[in-house]
Amino acid sequence: MMFLSLPKLSSVAICFFAATATKVDAFAAPKSMPVSKAVGGSINDASSTPQDIFEEFTKFLINHQTDMISKIEQADGSENAFSRDGWGAFANDNDSDEEQQTKSGGITRVIQGGNVVEKGACSLTVIRNGVLTADRAATIQGRQKQQEGDLVVQEGDIYSAAALSVVLHTRNPFVPTFRSDVRIFLVKSASDDSAVAWFGGGSDLTPYYLIDEDISKFHKDLKQMCDSHFPEDNEYNLSHAQMKQLCDEYFYLPARSEHRGTGGIFFDDLSATKATLSFVEDVATGWMPSWLPIVEKNGSKEFTEEQKHWQCLRRGRYLEFNLLYDRGVKFGLANANPRVEGVMVSAPPKIAFDYNHVPAEGSEEERLLKILKEPKDWTV
């Protein structure tokens, strides 16, 4: 795994490799993921090659990270700006476009101690020209649904990947933690010019107190966006309901029999075409418009020490999920000499673990727990 030895490999990059890490495929999408157009299942779209789509999407991610950080800093309103930790082709602000188009690199941006965001991270990673091992190639083949003309992924093929992720842990317990990412994985044949690419990503909320109208609007906006790209009987075999279910399945703590938050959407193995590129870009551009109105509405609400402690208890569940179940974190920490700061960048700033904590009967805390144990459809 040549790129796992690169310095400053971020947790976002690790998520790419997690999807094809072992023959067991512990990092594959949940079993209920639609498979009719999965890895390599290219839709008839000759307007752009997979390489073209990869380059276009990578440029979008670079620009979107800058735009999003500007919006977050403006909303936060503190003197604490995002730090910049660049590596590889992005080590310096003035790195050339040519270098960024040919070399691997990334930028981890972190804000701490803000007025709104107690801790937040926005990470960009671009990996170029990796070589697939036999195990990874076999895993992709196992997930790949062949169509005529598709590349059959083999050992030695060349892969590239790009991703942008954001995690925002809020100071006020009435503003949910926000997490989202989008990514692309490209495989090119080592023997000819054929290539395949696919997208993955998602967006979700982890509230500490249920403000129903806010959570409902978040989900309705996601549904409207998904429905606009994937109407009934679409050729990608995708729907908002499926992506919501996948999100609920993934962000689940089985030992607690509860979900980490109120969910959102999750998708993987989505064939990369101009149409799906438009969808994934819409997912990313919708991040701040879906979250910032909640900040504006609830970010200044007064809260008690008890409510803050409840937030820290629920953050403990967040960290519990990351360490025990999150595929990218587990994969990253299992490697020799991991870049722990990058792997753990999504961890909350402060947490609490109380022994056998039970919320008061009829309280808002108890209402949240009931929802986390039995997810609901927030769009009806």
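These remarks concern the structure in this document. (Residues numbered from 1 in each chain as written. Predicted model: local features only at pLDDT ≥ 70, side-chain atom pairs only at ≥ 80, totals over all residues. Heavy atoms only, no water.)

Within helix H12 (residues 364-373), burial applies to Glu365, Glu366, Leu368, Leu369, Ile371 and Leu372. Contact partners of the buried residues in H12: strand S8 (258-259) and helix H9 (305-324). (Buried < 20%, exposed > 50% of the residue type's maximum accessible area, 1.4 Å probe, protein only. Helix = DSSP H or I, 4+ residues; strand = E, 2+ residues; numbered from the N terminus. Contact = heavy atoms within 4.5 Å.)

This part takes up the pairing of strand S5 (residues 177-188). Summarising burial for S5: 11 of the 12 residues are buried, a large majority. Between the end of strand S4 (residues 158-170) and the start of S5, which pair antiparallel, lie six residues. Relative to strand S6 (residues 195-206), S5 is paired through 12 bridges, and the arrangement is antiparallel. The partner of Leu186 across the bridge, within S6, is Ala197. Between S5 and the antiparallel strand that follows it, S6, lie six residues. (Pairing = 2+ DSSP bridges.)

Our next topic: the packing of helix H5 (residues 212-229) against helix H6 (residues 240-250). When two helices pack together, their arrangement is captured by the angle between the axes and the distance separating the axes. The interhelical angle for the contact between H5 and H6, taken along N-to-C directions, is 130°, at an axis separation of 9 Å. When the interaxial angle is binned, H5 and H6 end up oblique. Every residue of H6 that contacts H5 at His219, Leu222, Lys223, Cys226 and Asp227 is listed here: His240, Met243 and Lys244. (Axes fitted to C-alpha atoms, helices over the stretch in contact; angles between N-to-C directions. Parallel < 35°, antiparallel > 145°, perpendicular 65-115°, else oblique.)

A separate point is the nonpolar core. Phe199, Phe279, Trp287 and Trp291 are the most contacted members of the largest nonpolar core, which has 53 residues in total. The contacts of Phe279, once residues within four sequence positions are left out, are Met225, Cys226, His229, Phe230, Met243, Phe267 and Leu270. (Core = buried A, V, L, I, M, F, W, Y, C linked by side-chain atoms within 4.5 Å.)

Even without being a glycine, Asn129 presents a positive backbone phi close to 60°. In this structure, Asn129 sits in strand S3 (residues 117-131). Here the phi dihedral of Asn237 falls at roughly 55°; this positive angle occurs in a residue that is not glycine.

As a further point, take the sheet that holds strand S1 (residues 83-88). Taken in spatial order, the seven strands of this open sheet run S1-S2-S3-S4-S5-S6-S9, and their pairing is antiparallel. Looking at strand neighbours, the two that pair on one side only are S1 and strand S9 (263-271), the edges of this open sheet. The average undirected angle you get between the axes of adjacent strands in this sheet is 5°. Pairing geometry for S4 and S5, over 11 bridges, is antiparallel. Among the inter-strand pairings, Ala162 is bridged to a residue of S5, identified as Ile184. In this fold H6 packs onto S6 and S9, with an angle of close to 105° to the strand it touches most, S9. Relative to S5, helix H8 (residues 287-298) is tilted by about 170°, and along the sheet it contacts S3, S4, S5 and S6.

To continue, consider the environment of Lys373. Considering the arrangement of structural elements, one finds Lys373 in helix H12. When residues no more than four places from it in sequence are discounted, the contact partners of Lys373 are Arg256, Ser257 and Glu258. Here Arg256 takes part through its backbone oxygen, which lies 3.1 Å from a polar atom of the side chain of Lys373. (Polar contact = N/O pair within 3.5 Å; in protein donor to acceptor, adjacent residues only side chain to side chain.)

What follows deals with the pairing of strand S2 (residues 105-112). Counting buried residues in S2 gives seven out of eight residues, a clear majority hidden from the surface. In the sheet, S1 pairs with S2 via six bridges, with the strands oriented antiparallel. Looking at the pairing, Arg84 lines up with Arg109 of S2. Direction of pairing for S2 relative to S3: antiparallel, over a ladder of eight bridges. Considered in S3, the bridge of Thr108 is made with Ser123. Connecting the antiparallel pair S2 and S3 is a turn made up of four residues, with Gly113 showing a positive phi of about 70°.

To continue, consider a nonpolar patch on the surface. A contiguous nonpolar surface patch, about 310 Å² in accessible area, is contributed by Leu323, Leu324, Leu333 and Val340. Within the element layout of this structure, Leu333 appears in helix H10 (residues 327-334). (Patch = residues over 30% accessible without salt bridge, like charges linked within 9 Å, V, L, I, M, F, W, Y side chains within 5 Å. Areas by Shrake-Rupley, 256 points an atom, 1.4 Å probe, with all protein chains shown as cover. Salt bridge = Lys/Arg side-chain N within 4 Å of Asp/Glu carboxyl O.)

The next subject is the pattern of salt bridges. Close approach of charged atoms allows side chains with opposite charge to pair. For the coordinates displayed, the defined rule picks out 21 salt bridges. The residue Lys308 makes a salt bridge to Glu118 at a minimum N-O spacing of 2.9 Å. You can see Lys308 sitting in helix H9 and its partner Glu118 sitting in strand S3, a full 190 residues away along the chain. The exposure class of Lys308 is buried, given its relative accessible area of 17%. Within this structure, Arg179, Asp181, Arg183, Asp204, Arg260 and Asp268 form a network of salt bridges that share partners.

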